[in-house]
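Chains, contacts and geometry: an overview
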Number of protein chains: 4
Amino acid sequence: MIITIKKSAPKQEVEKLIADLEKHGVQVTHVVGETHDVLGLVGDTAKLDEKRIMANVAVRNVTRIAAPYKLANRLFHPEDSVIDVAGIKVGGQEKIVVIGGPCSVEGAEQIVSIAQAVKEAGAVMLRGGAYKPRTSPYAFQGLQTEGILDLVEARRKTGLPIVSELMSSDKIEEFDKYVDLIQIGARNMQNFELLKSLGKTQKPILLKRGLANTIEEWIMSAEYIMAAGNPNVILCERGIRTFEKYTRNTLDLSVIPIIKERTHLPIIIDPSHATGDYRYVEAMSLAAIAAGADGLIIEVHNNPECAWSDGGQSLKPDKFARLVEKCRSIAHVVGREL
Amino acid sequence: MIITIKKSAPKQEVEKLIADLEKHGVQVTHVVGETHDVLGLVGDTAKLDEKRIMANVAVRNVTRIAAPYKLANRLFHPEDSVIDVAGIKVGGQEKIVVIGGPCSVEGAEQIVSIAQAVKEAGAVMLRGGAYKPRTSPYAFQGLQTEGILDLVEARRKTGLPIVSELMSSDKIEEFDKYVDLIQIGARNMQNFELLKSLGKTQKPILLKRGLANTIEEWIMSAEYIMAAGNPNVILCERGIRTFEKYTRNTLDLSVIPIIKERTHLPIIIDPSHATGDYRYVEAMSLAAIAAGADGLIIEVHNNPECAWSDGGQSLKPDKFARLVEKCRSIAHVVGREL
Amino acid sequence: MIITIKKSAPKQEVEKLIADLEKHGVQVTHVVGETHDVLGLVGDTAKLDEKRIMANVAVRNVTRIAAPYKLANRLFHPEDSVIDVAGIKVGGQEKIVVIGGPCSVEGAEQIVSIAQAVKEAGAVMLRGGAYKPRTSPYAFQGLQTEGILDLVEARRKTGLPIVSELMSSDKIEEFDKYVDLIQIGARNMQNFELLKSLGKTQKPILLKRGLANTIEEWIMSAEYIMAAGNPNVILCERGIRTFEKYTRNTLDLSVIPIIKERTHLPIIIDPSHATGDYRYVEAMSLAAIAAGADGLIIEVHNNPECAWSDGGQSLKPDKFARLVEKCRSIAHVVGREL
Amino acid sequence: MIITIKKSAPKQEVEKLIADLEKHGVQVTHVVGETHDVLGLVGDTAKLDEKRIMANVAVRNVTRIAAPYKLANRLFHPEDSVIDVAGIKVGGQEKIVVIGGPCSVEGAEQIVSIAQAVKEAGAVMLRGGAYKPRTSPYAFQGLQTEGILDLVEARRKTGLPIVSELMSSDKIEEFDKYVDLIQIGARNMQNFELLKSLGKTQKPILLKRGLANTIEEWIMSAEYIMAAGNPNVILCERGIRTFEKYTRNTLDLSVIPIIKERTHLPIIIDPSHATGDYRYVEAMSLAAIAAGADGLIIEVHNNPECAWSDGGQSLKPDKFARLVEKCRSIAHVVGREL
């Protein structure tokens, strides 16, 4: 951590600050300059609060150099983490996983039929929303527990592990009992109470990046879950919000090499929510695999025109099957199986 | 709502779509053009789901014209809503309210002393965080229930109603019992489960705008609370996330005339979190009052250098007192009291 | 185009507006609704100015449905445009092009040596900046004409066509004489005077997307060049500005399928400027090819530590050669040569 | 400037880097840490190129602490600059200036009539576009030289100095001869060739902030003009591009205290282009004055419905007159005249 000190700061103020910092166990080097001085801090600066230091009138600026995360940091955990989702391994050099399914579960018949279709097309997990975060209180909010049980039925019929979104702590028991991979949506990425409560389970968590969150904040949210006792976190990029209007969100594929460099966690891409348009899903899926993603999560619906939510971004099963086939060829080029 | 139809769409597909729309009770006018057709829908289109319509292969584009909110909409509720917070009226032509206090409650002594200082300076409510949303799991998370009780003590001593942030539904009873104005933070603006649970209380809600949320989404979150049975919503702008680095967030003051035009709800500005720098708080406060804000919520600390969180953006009581004085003069110019 | 009319608008105002619109040769359908009326316009609405219509007090909202571009629009030009750059074909089903070279030309020896290295690695064009857009007036501004002549020397030695950035209209003759592909940088994407002057040449133009420009605005800038008489436009995505701090810009690869759907122009990706970090260039290059890009433009330097600008994002020639090899394999999977 | 060094960097690499830095005349302090070392640089670091240092494999990160601008920096020029525009003083404790006029000059009669109206309402300068930057090549591009001469006619009739936008270097002579305050538009803020050419004149420059430019980049563009020999720069905020859709841009009023703190240049606000909607112009104007702006530039048209461009954001003269009156009262509260 680097602290810039105003030239006008009284000497005793600076000395007091240095003494205070040293009390926190860090080593401080004082560099005297012409227009300002600089304090260089080394040691465990993760415990220091930039904002509190910044409030000191002698201080002009504070810059953190070491990453604020530890458990997720590849520096302290060099090997890839491989997360086990009901027997399916995700991350490292394991097979790339493809997760398919509808935005919303609409009933047992629908979800079983889509589950069979995505399995046949090559998906190894089934997604389906039972609790739906909708911008409007008047929009369909999901079948809730009934939807979860429909997913369980689809798993029984196909053997596919199931992925579904959890929106509040009070349903953790239900999800722990029935769901194989618990999704935390973009809007809840910084719902810290929910993140903390995920330590109560050892179920793998699929943590989506928030719409306006930096990669660092996203890793910090993974750190929350890990610090609460659950190391089984898979990250999922689903687009960020920008000024562009031709896509719903801007898919940021550069997260793939960055997450792999800075953390040891698997990274999965969601091209359906990112683009919001089924016509762009295939191109973005191939790009994600080429860039090194550990998996894809894609919306598939047998009748997108009638989908209860997000129909415009869903693929029909035959298009999805072709997409998986192409992704497999790309995977081979980058040295992975799918 | 306007639906653009592809020229290549088979006639029976379009007829089926029109019939389907009419079944939902809207009136459809079909305009035939050279490169595409257009369907004009009038009636109660709020119930229609754009995305489902968009998934129809015949459809090229869907544009919503009527606002998707009703309870918050000034069109259906022309008079200003005035929200009563423990006897303090907010909104309409009522006095502009100034809320002051520390980012975090750090103990009874601290909060009582700041409460007295902000009251003397002209604040009519006291703010203080007991449950703190922090990016890092290693940062101070707030005194929690103890902090709430310290606020209650400060209210007893000063008579100031208290404002504090609620982060999860399981604390609603505690907040309903002790807190006068329940703050929902930016990161929870689209925590829909939390929004729904706020219908269980009639306590006023201070709903902050999310970091990357449009004004429309923000109003929709107010609509969630109102639709759940609690009409007492006050909106609070606290800056949005942009590429700018000299401020923590970009304070969007244009929300003031927009919220007043589109809704009947009061709007309050938080210049402290928006700028993240105490040096810019006064200028932004005066600007907010000049633009027509119904109130301000400002961080005040008697010792910002030692504040447990966000010290860099806190004002000392004497600066805060001067700020209130200047705001009062601006208020008179725009025809309001403070 | 759709115009929403206020219910409160006097009848004669609306009739006047309709008459005025019909005078511009468009056909207007008037849809009467409960809370507002709607005018549906069909015909050549490209000539209408939304803003002028919006200024009418009777009007609540104006929505454009047809795209505002014509010459670049695939609707009116269904086949892919293939642009010829000194014999190298770009776009359509032609070979994917790889352009390599340093950010800045630093002298004849340097550029010749890099040209030979990138040619050997598989590049088919040489890039090099002679006129440099630098944020600081104190930073190196490029070798200018001398740099252009150094590029010409490198072309003579290697046969590689040369790409360089033009920053002002007064150098068009120089570029027309010496350069094979004229690059227009992100900061000049809406330098409309420069765009208009590009009609004076028939040289191909590499038009970079502006840092905060929508895809539609970018296509409109291509339209400017085409409308001025030069149809030889190649688009180049180089990242947009967002709140993310781990990359210099956010590379938006979704432009690839979108540009191919909406226009007939070739699209090239610049992963070096987008990420600003050589470590992420390979992953983003592979992703771009997988998504269907027609080419890549990549910074290569034989000694990045000593590069006069942007060293941190340059690849060394051996890494670049490996990257080209991998891109070739990806290209085959998506049915292209490289 | 702070350079973080990788722990794995060979000792001689680090020594070479330090020697190289010292050759550039800066003083380097080497701080040894556990996970990385830090080099603290003091002295004239403005000449160092971060990117070139970043390209060194031993280097992990580079952080600039001193501002990269000098001529615009208040640190080296503590008193406010007051810019003289044909006798009207702008900045410091001078009267707040209000500039009014149409987006585009549409003819002598129109501009003279508007000039008289804005003068009567209290404006002290007249704005009017003769060269118009339009997204579409098919939109009205301005009356050009004819428009400039119409402005001159309006000045002759009213005495108001005239403000108009310059879009290319080849018109500098025309502007130098006829225009009193040369506006550089948002899209040309980083048209560095144009900026450099502004040193050829001593005419005051109104430099608008780019749509996606940081405050620092904006100051650097002022620095370009100043370094080229013209110290007469006035900055103008006109909104930045964000994800918000209810306004055309997001007006960032926090620039007012920031520009005043970091530079000695005057700052003017353009609420018309920022909001894009005449209904929000008054509120934003009052806010700007309250926050300490040195002036406003506002679009006024006698017949907005017929304006050739941007009619939707223009005020009619009577509304403008009321706005000026209210701004005057706000100005008095903050200790300024208008």
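Overview of the structure. (Residues numbered from 1 in each chain as written. Chains lettered and ligands numbered in written order. Predicted model: local features only at pLDDT ≥ 70, side-chain atom pairs only at ≥ 80, totals over all residues.)

**Brief notes about the nonpolar core**
Counting 387 residues, the largest nonpolar core has A:Ala287, B:Ala287, C:Ala287 and D:Ala287 as its most contacted members. Beyond its immediate chain neighbours, meaning those up to four positions away, B:Ala287 contacts B:Leu253, D:Leu253, D:Ala287, D:Ala290 and D:Ala291. Residues B:Val38, B:Ile53, B:Ala55 and C:Val62 belong to the second largest nonpolar core, which totals 38 residues. (Core = buried A, V, L, I, M, F, W, Y, C linked by C-beta atoms within 7 Å. Buried ≥ 20, exposed ≤ 12 C-beta atoms within 10 Å, placed from the backbone. Contact = placed C-beta atoms within 7 Å.)

**Points about the interface of chain C and chain B**
By a widespread convention, an interface's size corresponds to the accessible area lost as its parts come together. Listed as interface residues are 18 residues of chain C and, on the opposing side, 19 residues of chain B. Among the secondary structure elements, those contributing two or more residues to the side of chain C that touches chain B are strand 1 (2-6), strand 2 (27-31), strand 3 (36-42) and strand 4 (59-63) of chain C. The element that contributes the greatest number of residues to the side of chain C that touches chain B is strand 3 of chain C, accounting for 3 residues. (Helix = DSSP H or I, 4+ residues; strand = E, 2+ residues; numbered from the N terminus.)

**Details of the sheet that holds strand 1 (residues 2-6) of chain A**
Residues and elements named next belong to chain A. Across the sheet, which stays open at both edges, the 4 strands sit in the order 2-3-1-4 with antiparallel pairing between neighbours. Either end of the sheet is taken by a strand with one partner, and the two such strands are strand 2 (27-31) and strand 4 (59-63). Strand-to-strand twist in this sheet, taken as the mean axis angle between neighbours without regard to direction, amounts to 20°. Inspection of the sheet shows strand 1 paired to strand 4 by 4 bridges, in the antiparallel sense. Note on strand 4: the bridge partner recorded for isoleucine 2 is threonine 63. Helix-sheet contacts for helix 1 (residues 11-23) involve strand 1, strand 2 and strand 3 (36-42), and the interaxial angle to strand 2 is about 155°. (Pairing = 2+ DSSP bridges. Axes fitted to C-alpha atoms, helices over the stretch in contact; angles between N-to-C directions.)

**Some words on the relation of the copies chain B and chain D**
Think of it as a corkscrew move, a rotation about one axis and a shift along it, taking one chain copy to the other. Of the transformation superimposing chain B on chain D, the axial component is 0.0 Å and the angular component is 180°, with the fit at an RMSD of 0.1 Å. Such a turn and shift between the copies fits a two-fold axis. Closest approach to the rotation axis within chain B is made by the C-alpha atom of B:Ala287, at a distance of 1.9 Å. Mapped onto chain D, 97% of the interface residues of chain B again fall at the interface, so both copies present the same surface. (Least-squares fit on C-alpha atoms with pLDDT ≥ 70 in both.)

**Points about the packing of helix 3 (residues 108-121) of chain B against helix 4 (residues 145-158) of chain B**
Residues and elements named next belong to chain B. As a packed pair, helix 3 and helix 4 sit with axes 9 Å apart at the nearest point and diverge in direction by 40°. Relative to helix 4, the element helix 3 lies oblique. The two elements helix 3 and helix 4 cross, and the hand of that crossing is right-handed. Residues Ala108, Ile111, Val112, Ala115, Gln116 and Lys119 of helix 3 form the contact with helix 4, whose own contacting residues are Asp150, Leu151, Glu153, Ala154, Lys157 and Thr158. (Parallel < 35°, antiparallel > 145°, perpendicular 65-115°, else oblique. Left-handed = near helix turned anticlockwise from the far one by under 90°.)

**Structural notes on the relation of the copies chain C and chain B**
When chain C is fitted onto chain B, the two copies agree to an RMSD of 0.1 Å after a turn of 180° and an axial shift of 0.1 Å. A share of 100% of interface residues in chain C that are also interface residues in chain B marks the association as one of identical surfaces.

**Structural notes on the interface of chain B and chain D**
Taken together, the contact pairs 36 residues of chain B with 35 residues of chain D. Contributing elements (two or more residues each) for the side of chain B that touches chain D: helix 7 (215-227), helix 8 (255-262), helix 10 (281-290) and helix 11 (317-333) of chain B.

**Digging into the sheet that holds strand 10 (residues 181-184) of chain C**
Residue and element names in this part refer to chain C. Pairing is parallel around the closed barrel formed by 8 strands, whose spatial order is 7-8-9-10-11-12-13-14. Averaged over all neighbouring strand pairs, the angle between strand axes comes to 25°, with direction disregarded. Of the strand pairs in this sheet, strand 8 (residues 125-127) and strand 9 (residues 162-165) are connected by 2 bridges, and their pairing is parallel. Directly across from arginine 127, in strand 9, lies its bridge partner valine 163. Each of strand 7 (97-101) and strand 8 is contacted by helix 3 (residues 108-121), which is oriented at about 155° to strand 7, the strand it contacts most.

**Here we look at the environment of B:Lys316**
Residues and elements named next belong to chain B. Counting through the fold element by element, lysine 316 comes out in the loop between strand 14 (295-299) and helix 11. The partly exposed category is assigned to lysine 316, around which 14 C-beta atoms lie within 10 Å. As a C-alpha pair, lysine 316 and alanine 222 span 94 residues in sequence and 33 Å in three-dimensional space. Beyond its immediate chain neighbours, meaning those up to four positions away, lysine 316 contacts Asn302 and Pro304.

**Thoughts on the packing of helix 10 (residues 281-290) of chain A against helix 10 (residues 281-290) of chain C**
The interhelical angle for the contact between helix 10 of chain A and helix 10 of chain C, taken along N-to-C directions, is 150°, at an axis separation of 7 Å. Of the possible angle classes, the one that applies to helix 10 of chain A and helix 10 of chain C is roughly antiparallel. Handedness of the helix 10 of chain A/helix 10 of chain C crossing: right-handed. Across the interface between the two elements, A:Leu286, A:Ala287, A:Ile289 and A:Ala290 of helix 10 of chain A pack against C:Leu286, C:Ala287, C:Ile289 and C:Ala290 of helix 10 of chain C. Taken together, the residues of the contact of helix 10 of chain A with helix 10 of chain C sort by class into 8 nonpolar, no polar and no charged. (Nonpolar A, V, L, I, M, F, W, Y, C, P; charged D, E, K, R; others polar.)

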